[in-house]
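Okay, here's what each chain looks like letter by letter:
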Amino acid sequence: QVQLVESGGGLVQAGGSLRLSCVASGSIFSINVMGWYRQAPGKQRELVASITSGGQVTVPDSVKGRFAVSRDNAKNTAYLQMSSLKPEDTAVYYCAADVRRSVWSNFLKYWGQGTQVTVSS
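**Q** Would you take a moment to explain the overall build of the protein chain for this structure?
**A** Within the protein chain, the regular secondary structure consists of 0 helices and 11 strands. Reading the secondary structure of the protein chain in the N-to-C direction produces β-β-β-β-β-β-β-β-β-β-β. The C-alpha atoms of the protein chain give 14 Å as radius of gyration, which agrees with the globular expectation for 121 residues (14 Å, within 12%). Taken over the C-alpha atoms alone, the protein chain extends approximately 50 × 25 × 25 Å along its principal axes. When each of the 121 residues of the protein chain is scored for burial, the buried share is 39%.

Here it is in structure tokens:
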């Protein structure tokens with residue numbers, strides 16, 4: 001069993017900040033990439049940010065300079081710090097992680113339940 005639990009979503013005014021957390025728990029041998037995705041109504045799910053176990057970060061131009069992703073490997077936790085939020089950032093935000101459950105298993109991708117972020121104008 002592997003669970004990803006997200007927290008930190010909510011309602012915020014444009015220009016404000018919000019910090020999301022994602023905690024992975026259960027039977028975990030190691031975690032490779034952890035990532036954040038979002039899905040707005042009528043749109044496909046898109047990558048917001050990803051970070052490897054070594055700290056390599058990938059972010060799209062749409063959030064570059066405003067969002068920052070980090071992780072604490074000892075706590076199996078990833079964070080998404082969002083600043084200068086815009087109404088177009090409104091979406092359900094999902095955490096995902098590539099998890100290896102044992103030394104004999106392959107990495108599999110697991111998803112969190114999602115957390116709503118709403119940015120008002």
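**Q** What is the right way to look at the side chain of Ser-50 in this model?
**A** Residue position: Ser-50 is located in strand β5 (residues 46–51). If we skip the residues at most four places from it in the chain, Ser-50 touches Val-33, Met-34, Gly-35, Gln-56, Val-57, Thr-58 and Val-69.

**Q** Looking at this structure, how should I read the packing of aromatic side chains?
**A** Any pair of aromatic rings gets described here by the distance separating the centres and the angle formed by the planes. The full count for this structure, using the stated rule, is 1 aromatic pair. Plain terms: the ring middles of Tyr-37 and Trp-111 are 4.9 Å apart, the flat faces sit at 55 degrees to each other, and that makes the pair tilted. Of this pair, Tyr-37 sits in strand β4 (residues 30–39) while Trp-111 is found in strand β10 (residues 107–111), placing the two residues 74 residues apart along the sequence. Its guanidinium or amino end placed over the ring of Tyr-79, Arg-19 lies 4.1 Å from that ring's centre, counting from NZ or CZ.

**Q** I'm lost on the pattern of salt bridges in this one. Help?
**A** Side-chain pairs of opposite charge can arise whenever the charged atoms involved come near each other. With the rule as written, the count across this model stands at 4 salt bridges. Among the ionic pairs, Asp-89 bridges to Arg-38, the shortest N-O distance being 3.0 Å. Of this pair, Asp-89 sits in the loop between β8 (77–82) and β9 (91–100) while Arg-38 sits in strand β4, and the two are 51 residues apart along the sequence. In this structure, Asp-89 and Arg-38 share a single accessibility class: buried. Arg-66 serves as the salt-bridge partner of Asp-89, at 2.7 Å between the closest nitrogen and oxygen. Within this pair, whereas Asp-89 is found in the loop between β8 and β9, its partner Arg-66 is found in the loop between β6 (57–58) and β7 (67–72), the two being separated by 23 residues in sequence. What makes Arg-66 buried here is its relative accessible area of 13%. Linked by salt bridges that have partners in common, Arg-38, Glu-46, Arg-66 and Asp-89 make up one network.

Definitions and cut-offs
Residues numbered from 1 in each chain as written. Predicted model: local features only at pLDDT ≥ 70, side-chain atom pairs only at ≥ 80, totals over all residues. Heavy atoms only, no water. Helix = DSSP H or I, 4+ residues; strand = E, 2+ residues; numbered from the N terminus. Rg over C-alpha atoms; globule rule 2.2 N^0.38 Å. Buried < 20%, exposed > 50% of the residue type's maximum accessible area, 1.4 Å probe, protein only. Contact = heavy atoms within 4.5 Å. Phe/Tyr/Trp six-rings, centres within 6.5 Å; stacked < 30°, edge-to-face > 60°. Lys NZ or Arg CZ within 6 Å of the ring centre and 35° of its normal. Salt bridge = Lys/Arg side-chain N within 4 Å of Asp/Glu carboxyl O.

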